[in-house]
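Structure assessment
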Amino acid sequence: MTPIYDRLKERGAVFGQSYGLEHALWFAPEGVEPVEEITFKRSNAFEHVAEECRAVREDVGMIETSNFAKYKVTGSGARDWINYIFANQAPKIGRMVLAPMLNYEGGLIGDFTVGCLGEDEFYVIGTGIAEEYHMRWFEQHLPEDGSVRIDALGLGLLGLSIAGPKSRALLQKLVRDDLSNEALKFMDIRKMDIGMIPALVGRVSFTGDLGYEIWVKPEYQIALFDLLMETGEEFGLKLFGGRALKSLSMEKAFGSWSTEYRPIYGPYEAAMGRFVSVQKEDFIGREAALKEKEEGSKMKLVLLDIEVNDADVINDEPIWHDGKTVGWVTSGGYAHHTQKSLALGYVPSEVATDVAANAFEVEIMGERRPATLLTEPPFDPKAERMRG
């Protein structure tokens, strides 16, 4: 448990687990029993998750992000090592980048956010469930001269994230720093005091909305939570959990490690090619990635809008095209803001451009449901909300 566990529980949190860590899935309003009735169809959480999504899209929401993996990379060789390990270019000081990590065959073995606070100081944020797997890879590839050190911070660095159109106004009331779009741009990162709390703040959010990830040492998390909750009242701040985060990220077509991103997929196959800097002279998997880019891939990750009744995809459902099973769903669910049942999945490249209405079908609970391929995310396709 993290320090704010009791505070989340008092506010109706229904918990799941993330690599052994208690993590709020959704929040039951006052007077509603915080218990989920498990079903393959839409559960009793459905309408409450919808309210959490509404708060993020219209006002501001807050979620705990402590279940992410956090690493600190330091040393005189840090920048060169970051450039070798990750497929994207290492960020400039004060900036972050999204960075795939490839194996020697060009398969995706991780996706990360890499932030730079100095030429010899980087913070890397990744998937919590893969921390030990990724640490083995990192440690196997450390230079022998001792010029790079990497530390898995685990629960030594805890997180809260606020997101929504009012998130900037909320945070601005608590910091001396200028949070205007010109002063703190999308994908900027810096240290700042929130009230009297020392924090690391990155302007990024997996919701696809204006948002900030805030990282603090464990001894400050309760104080940060209380301060944000109290200050957030006038802005309509509402807690949201992992279910709402999935719903919000789906309508932006954001993929995740272990579902859309796995070693069996290449970066171009997985629509991650824009984050691969093949102009770099040397990084792990470069030659294989370059070959995939030039020759193309057999499969493509696509977003489907499905006509459903009362059940949405989970994952691994078959995708049909012209009466044949051609692919599979990797993840999905109901996108409450855009009111669409969505799925990400892989289909052959030759049919990945078929945008005809109901050209596909997705099998849900034994029934084939009509589905249409979307060429852009249904929410904010130009990413104006995140960047504005």
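Here goes a summary of the coordinates provided. (Residues numbered from 1 in each chain as written. Predicted model: local features only at pLDDT ≥ 70, side-chain atom pairs only at ≥ 80, totals over all residues. Heavy atoms only, no water.)

1. Regarding helix 4 (residues 131–140)
Looking only at helix 4, the buried set comprises E131, H134, M135, W137 and F138. End-on view of helix 4: buried residues confined to an arc of 160°, all on one side of the axis. (Buried < 20%, exposed > 50% of the residue type's maximum accessible area, 1.4 Å probe, protein only. Helix = DSSP H or I, 4+ residues; strand = E, 2+ residues; numbered from the N terminus. Arc of directions from axis to C-beta.)

2. Structural notes on the packing of aromatic side chains
As enumerated under the stated definition, the model contains 14 aromatic pairs in all. Pairing Y133 with W257 gives two aromatic rings, centres 6.1 Å apart and planes at 15°, and the pair type is stacked. Of the two residues, Y133 is situated in helix 4 and W257 in the loop between helix 7 (242–250) and helix 8 (286–295); the sequence distance between them amounts to 124 residues. Note on Y265 and Y346: the rings are 3.8 Å apart at their centroids and 15° apart in plane angle, and the pair reads as stacked. Taken as a pair, Y265 in the loop between helix 7 and helix 8 and Y346 in strand 17 (residues 340–348) lie far apart in primary sequence, 81 residues in all. You can call Y346 buried: its relative accessible area is 0%. Joined through ring pairs, the aromatic side chains of Y71, W81, F86, F112 and F138 make up one cluster. Lying over the aromatic face of F379, R57 brings its terminal NZ or CZ to 3.7 Å of the ring centre. (Phe/Tyr/Trp six-rings, centres within 6.5 Å; stacked < 30°, edge-to-face > 60°. Lys NZ or Arg CZ within 6 Å of the ring centre and 35° of its normal.)

3. Description of the pairing of strand 15 (residues 318–321)
Bridging between strand 15 and strand 16 (residues 324–335) involves 4 bridges; their strand directions are antiparallel. Among the inter-strand pairings, P318 is bridged to a residue of strand 16, identified as W328. Two successive antiparallel strands, strand 15 and strand 16, enclose a turn made up of 2 residues, where D322 displays a positive phi of approximately 55°. Two elements, strand 15 and strand 18 (residues 360–364), share 3 bridges in a ladder whose sense is antiparallel. Counted as the bridge partner of I319 is V362 from strand 18. (Pairing = 2+ DSSP bridges.)

4. Remarks on the sheet that holds strand 8 (residues 149–152)
Across the sheet, which stays open at both edges, the 5 strands sit in the order 5-6-7-4-8 with antiparallel pairing between neighbours. Each having just a single partner strand, strand 5 (96–102) and strand 8 make up the two edges of the open sheet. Neighbouring strand axes in the sheet, compared pairwise and without regard to direction, differ in orientation by 25° on average. Here 4 bridges tie strand 4 (residues 69–74) to strand 8, and the two strands are oriented antiparallel to one another. Note that in strand 8 the partner of K72 across the bridge is D151. (Axes fitted to C-alpha atoms, helices over the stretch in contact; angles between N-to-C directions.)

5. A word on the side chain of S341
Structurally, S341 is set in strand 17. Overall, the relative accessible area of 3% leaves S341 in the buried class. Not counting residues up to four positions away in its chain, the partners in contact with S341 are L304, D305, I306, V308, D312, G333 and Y334. (Contact = heavy atoms within 4.5 Å.)

6. Digging into the sheet that holds strand 17
Spatially, 14-17-16-15-18-19 is the arrangement adopted by the 6 strands of the closed barrel, whose pairing is antiparallel. With direction set aside, neighbouring strand axes in the sheet form an average angle of 45°. Summarising the sheet, strand 14 (residues 299–306) and strand 19 (residues 367–374) pair through 4 bridges and their orientation is antiparallel. Note on strand 19: the bridge partner recorded for L303 is L374. Sitting on the sheet, helix 7 touches strand 14, strand 16 and strand 17, and the angle it makes with strand 16 is about 120°.

7. Brief notes about the side chain of S249
Mapped onto the secondary structure, S249 falls in helix 7. When its relative accessible area of 1% is taken as the criterion, S249 is described as buried.

8. Examining the pattern of salt bridges
A full pass over the atoms with the stated rule returns 21 salt bridges. The residue R54 makes a salt bridge to D59 at a minimum N-O spacing of 3.7 Å. Looking at R54, the relative accessible area reads 30%, which means it is partly exposed. As a salt-bridge pair, K173 and E234 come within 2.7 Å of each other at their nearest N and O atoms. (Salt bridge = Lys/Arg side-chain N within 4 Å of Asp/Glu carboxyl O.)

9. Some thoughts on unusual backbone geometry
One non-glycine residue, M187, lies in the positive phi region at around 75°. By secondary structure assignment, the location of M187 is in the loop between helix 5 (167–172) and strand 10 (189–194). Residue class for M187 comes out buried when judged on its relative accessible area of 8%. Of note in this structure, D316 is not a glycine but carries a positive phi near 70°.

10. A look at the environment of V302
Mapped onto the secondary structure, V302 falls in strand 14. In this structure the C-alpha to C-alpha distance between V302 and A253, which are 49 residues apart in sequence, comes to 8.6 Å. What V302 contacts, discounting residues up to four positions off in sequence, is A343, L344, G345, V347, A352 and L373.

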